[in-house]
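# Commentary on secondary and tertiary structure
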Amino acid sequence: MQISNSVSDADNACSFQELIERTAISALGAASSQHHLSVDDYKDAELSILQHQLLQAGKYGPSSSRLVKLAPEYNTESKLIRVGGRLRHSEYLDTEENYKNRYVRVPDGHLWIEGDHRGHSLDSNCFGPVSLGLLHGRASHIIWPPNRWQRIKPSLPPNREPLAAEEDAE
Amino acid sequence: MFRHMLGKTLGLFGYTIQYGCIAHCAFEYIGEFVVCSGPSMEPTIVNHDVVFSERMSRHLFKIEKGDIVIAKSPFDPQMNICKRVIGLEGDKICTSSPSDLFKTHTYVPMGHVWLEGDNLRNSTDSRNYGPIPYALIRGRVCWKLWPLHSFGTMSETPMKHIIKAQRDSDSD
């Protein structure tokens, strides 16, 4: 994954103030002409300059910073920071579970629900198991538009079978 | 003769459906009678008390801290629980007991409430299973109907100091 760095070349600026100005303006991009720079914009610019300098020096910031956890590499020619890691929210990703735990046991009286469009769905991968008492109903038929009249058949998507099912104790 | 009987039966059937619908709407939107069992809300509500819980404040999202609510159990949708609301969404709740050395806190997530019974020693509530979604709440208990000697609105919570502490920590 590539994050582009908007820090302008440090050599061209005459003072730190100018460097910050340029960085903040380039971070805003096209909106900079109509937009007065706010305190937050300057703070963000300072932060990105600091990280840029640290990366160039080979130090990747404090060990608790989230950037370090992604194993960053600084490419001096393209001035890009490359990171590795597992994306949590991305429409292009095709992983089984974007949930915080790899394996989940669904508690008693709860359901695990997922949308069919996996990358693009707000479902149990975001908010966890859902209590049965919140269940409102079951979608059984599509009635509109008329060319999509059909009975909705219950089916599990491939690869989404539960890994172990609880056997009912007699 | 036969048509007369048929007419009367259909009339009776019609009235039953009408009154059934009115009763259903009343129980769904106005209020219902609840028989409480269990020791978790003593001394406010004891075993076999009959209370009246009103539904409007739940539909209008007017449930507040300190209200006693009837909610569906998060682990068994056919069972109901009766507890007091200690915290609403966004509140900071102290989860450690007063005897603990280190105090732990949690924040109630969006769309959830934190429930605790008045009888803290003998109650399974949010301290055991966490905050419950607001949509599981069925109604707010407003009157106690039986036993007759304690008829009337619910007495002030014995947990007044906890509710007050919650209000103070909110205003921080």
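Calculation criteria
Residues numbered from 1 in each chain as written. Chains lettered and ligands numbered in written order. Predicted model: local features only at pLDDT ≥ 70, side-chain atom pairs only at ≥ 80, totals over all residues. Heavy atoms only, no water. Helix = DSSP H or I, 4+ residues; strand = E, 2+ residues; numbered from the N terminus. Buried < 20%, exposed > 50% of the residue type's maximum accessible area, 1.4 Å probe, protein only. Contact = heavy atoms within 4.5 Å. Areas by Shrake-Rupley, 256 points an atom, 1.4 Å probe, with all protein chains shown as cover. Pairing = 2+ DSSP bridges. pLDDT = per-residue confidence, 0-100. Phe/Tyr/Trp six-rings, centres within 6.5 Å; stacked < 30°, edge-to-face > 60°. Buried area = accessible area lost by both parts, 1.4 Å probe. Salt bridge = Lys/Arg side-chain N within 4 Å of Asp/Glu carboxyl O. Polar contact = N/O pair within 3.5 Å; in protein donor to acceptor, adjacent residues only side chain to side chain. Nonpolar A, V, L, I, M, F, W, Y, C, P; charged D, E, K, R; others polar. 1 Å grid on protein atoms, 1.4 Å probe; cavity = no way out; pocket = protein on both sides within 12 Å on 5 of 7 lines; lining within 4 Å. Points joined across faces, edges and corners; volume = space filled by probe spheres on them.

### Details of the overall build of chain A
If you tally the helices and strands in chain A, you get four helices and seven strands. Secondary structure elements of chain A, listed N to C terminal, follow the sequence β-α-α-α-β-β-β-α-β-β-β. Residues counted as buried form 21% of the 170 residues belonging to chain A. Put simply, of all contacts in chain A between residues at least 6 apart along the chain, 30% involve residues at least 24 apart. With an accessible surface of roughly 13,400 Å², chain A has 53% of that area assigned to carbon and sulfur atoms.

### What about the pairing of strand β4 (residues 80-87) of chain B?
Residue and element names in this part refer to chain B. Extensive coverage of β4 is indicated by the burial of seven of its eight residues. In this structure, strand β3 (residues 68-72) lies alongside β4, joined through five bridges in antiparallel fashion. By the bridge assignment for β4, V69 is matched with K83. Strand direction decides the pairing type here: β4 and strand β7 (residues 112-116), joined by three bridges, are antiparallel. Note on β7: the bridge partner recorded for G87 is W114.

### Quick word on the confidence of the model for chain A
Low pLDDT means the predicted coordinates in that region are not meant to be read closely. Mean pLDDT over chain A stands at 72; residues scoring 70 or higher make up 61%. In this model residues 89-96 of chain A is a low-confidence stretch, pLDDT under 50, and it forms 10 contacts with partners more than four residues away in sequence or in other chains.

### Brief notes about the environment of Y103(A)
As for its position among the elements, Y103(A) is in the loop between β3 (80-82) and β4 (110-111). Distance from Y103(A) to P162(A), taken between C-alpha atoms, is 10.0 Å for residues 59 residues apart in sequence.

### Brief notes about the packing of aromatic side chains
All names here are of chain B. A complete count under the given rule lists five aromatic pairs over all chains for this structure. Taking 5.9 Å as the distance between ring centres and 70° as the angle between the ring planes, the aromatic pair formed by F75 and Y129 counts as edge-to-face. Taken together, the residues F75 in the loop between β3 and β4 and Y129 in helix α3 (residues 126-129) connect sequence positions 54 residues apart. Residue F75 is classed as partly exposed on the basis of its relative accessible area, which comes to 36%. Note on Y129: relative accessible area 21%, which makes it partly exposed. An aromatic cluster of three or more residues is present, and its members are F33, F52 and W143.

### A short note on the interface of chain A and chain B
How big an interface is tends to be stated in terms of accessible area lost as the parts join. Listed as interface residues are eight residues of chain A and, on the opposing side, eight residues of chain B. Carbon and sulfur atoms supply 72% of the area buried between chain A and chain B, which totals about 580 Å² over both sides. Its largest share of buried area at the contact with chain B, chain A owes to S131(A), G133(A) and L134(A), together 61% of the area lost on that side. The tally of links between chain A and chain B comes to zero salt bridges. One can count two residue pairs in polar contact (both at pLDDT 80 or more) joining chain A with chain B. The residue makeup of the side of chain A that touches chain B, split by class, is three nonpolar, four polar and one charged.

### Focus: the layout of surface pockets
Considered as a void within the structure, the largest pocket measures approximately 1,600 Å³ in volume. Lining the second largest pocket we find 18 residues, and of these H110(A), F127(A), P129(A), H112(B) and P131(B) sit closest to its centre. Across the lining of the second largest pocket, the residue classes tally to 12 nonpolar, five polar and one charged.

### Notes on the environment of G66(B)
Residue and element names in this part refer to chain B. Structurally, G66 is set in the loop between α2 (56-59) and β3. Among the residues examined, G66 registers a relative accessible area of 18% and is labelled buried. Considered as a pair, G66 and L88 are 22 residues apart in the sequence and their alpha carbons are 9.9 Å apart.

### Regarding the pairing of β7(B)
Residues and elements named next belong to chain B. The element β7 is extensively covered by neighbouring structure, given that four of its five residues are classed as buried. Across two bridges, β7 lies against strand β8 (residues 132-133) in antiparallel orientation. Each residue of the ladder has a partner; that of V113, found in β8, is I132.

### Re the side chain of S40(B)
All names here are of chain B. Tracing the sequence through the fold places S40 in the loop between β1 (31-36) and β2 (49-54). Given the relative accessible area of 13%, S40 is considered buried. Setting aside residues no more than four positions away along its own chain, S40 makes contact with C82, K83, G117, D118, N119, N122 and S123.

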